[in-house]
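As a plain string of letters, each chain reads:
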Amino acid sequence: MPTWLYAFVRTDIPVTHQAVQLGHAVYEASCGKPHPSFVFLAVDNKEELEEAIFEFWEFKTDLFYESYLDWGLTAFAINGITQENRHLFKEYKLWKA
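Calculation notes
- Residues numbered from 1 in each chain as written.
- Predicted model: local features only at pLDDT ≥ 70, side-chain atom pairs only at ≥ 80, totals over all residues.
- Heavy atoms only, no water.
- Helix = DSSP H or I, 4+ residues; strand = E, 2+ residues; numbered from the N terminus.
- Contact = heavy atoms within 4.5 Å.
- Patch = residues over 30% accessible without salt bridge, like charges linked within 9 Å, V, L, I, M, F, W, Y side chains within 5 Å.
- Areas by Shrake-Rupley, 256 points an atom, 1.4 Å probe, with all protein chains shown as cover.
- Salt bridge = Lys/Arg side-chain N within 4 Å of Asp/Glu carboxyl O.
- Phe/Tyr/Trp six-rings, centres within 6.5 Å; stacked < 30°, edge-to-face > 60°.
- Buried < 20%, exposed > 50% of the residue type's maximum accessible area, 1.4 Å probe, protein only.

Caption draft 1: Inspection of the environment of alanine 19 at higher detail. By the secondary structure assignment, alanine 19 is in helix 1 (residues 15-31). The spacing of alanine 19 and tryptophan 95 is 76 residues in sequence and 9.5 Å in space, taken between C-alpha atoms. When near neighbours in sequence (up to four residues on either side) are disregarded, alanine 19 contacts Phe40 and Trp95.

Caption draft 2: Summary view of the side chain of glutamine 18. If you trace the backbone, glutamine 18 turns up in helix 1. Apart from the residues lying within four places of it in its own chain, the contact partners of glutamine 18 are Val9, Arg10, Thr11 and Ile13.

Caption draft 3: Structural view of a nonpolar patch on the surface. On the surface, a nonpolar cluster with roughly 270 Å² of combined accessible area is contributed by Val39, Leu41 and Leu94. Residue position: leucine 41 is located in strand 1 (residues 41-42).

Caption draft 4: Looking closely at the packing of aromatic side chains. A full pass over the atoms with the stated rule returns three aromatic pairs. Ring geometry for phenylalanine 56 and phenylalanine 59: centres 6.3 Å apart, planes at 45°, overall tilted. Residue classification places phenylalanine 56 among the buried positions, given a relative accessible area of 3%. An angle of 10° between the planes, with centres 4.4 Å apart, marks the rings of phenylalanine 56 and phenylalanine 89 as stacked. Of the two residues, phenylalanine 56 sits in the loop between helix 2 (46-55) and strand 2 (61-66) while phenylalanine 89 sits in the loop between strand 3 (72-78) and strand 4 (93-94), which places them 33 residues apart along the sequence.

Caption draft 5: Up close: the pattern of salt bridges. Counted under the stated rule, the structure contains three salt bridges. Residues aspartate 44 and lysine 93 are paired through a salt bridge, measuring 2.7 Å at the closest nitrogen-oxygen approach. Linking aspartate 44 in the loop between strand 1 and helix 2 with lysine 93 in strand 4, this pair joins segments that are 49 residues apart in sequence.

As C-alpha cells, this is what we get:
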C-alpha cells in the first residue's frame, strides 16, 4: 500500500528558499541522516531533462516519475557532488518560481 510524506514550510520566507527548506525536510524524513546542501536546477521540458540525465550518467541519479498526474518523468537528483565537480552544472539555470 502506498504511503505519503507531507511536508510543511513557512511562507514568510522567499519562495526559492521555501523549496530548499522543503527539500531538507523531505531528505531528513526519508533518509534519517544529515543532509547535503541543495541546489535546484531547471530545464524547460522532458526532453531537456532526459538530456541532462544522459549528461550526468556517470553519477548516481535518482529519477522521479509523477504517476498521480500521469506526467511521467518530472525530476531527478544527483547526490554526493563534490566541490571539484560543481563546475559541471554551471550551464544549467537555477530553479526559480
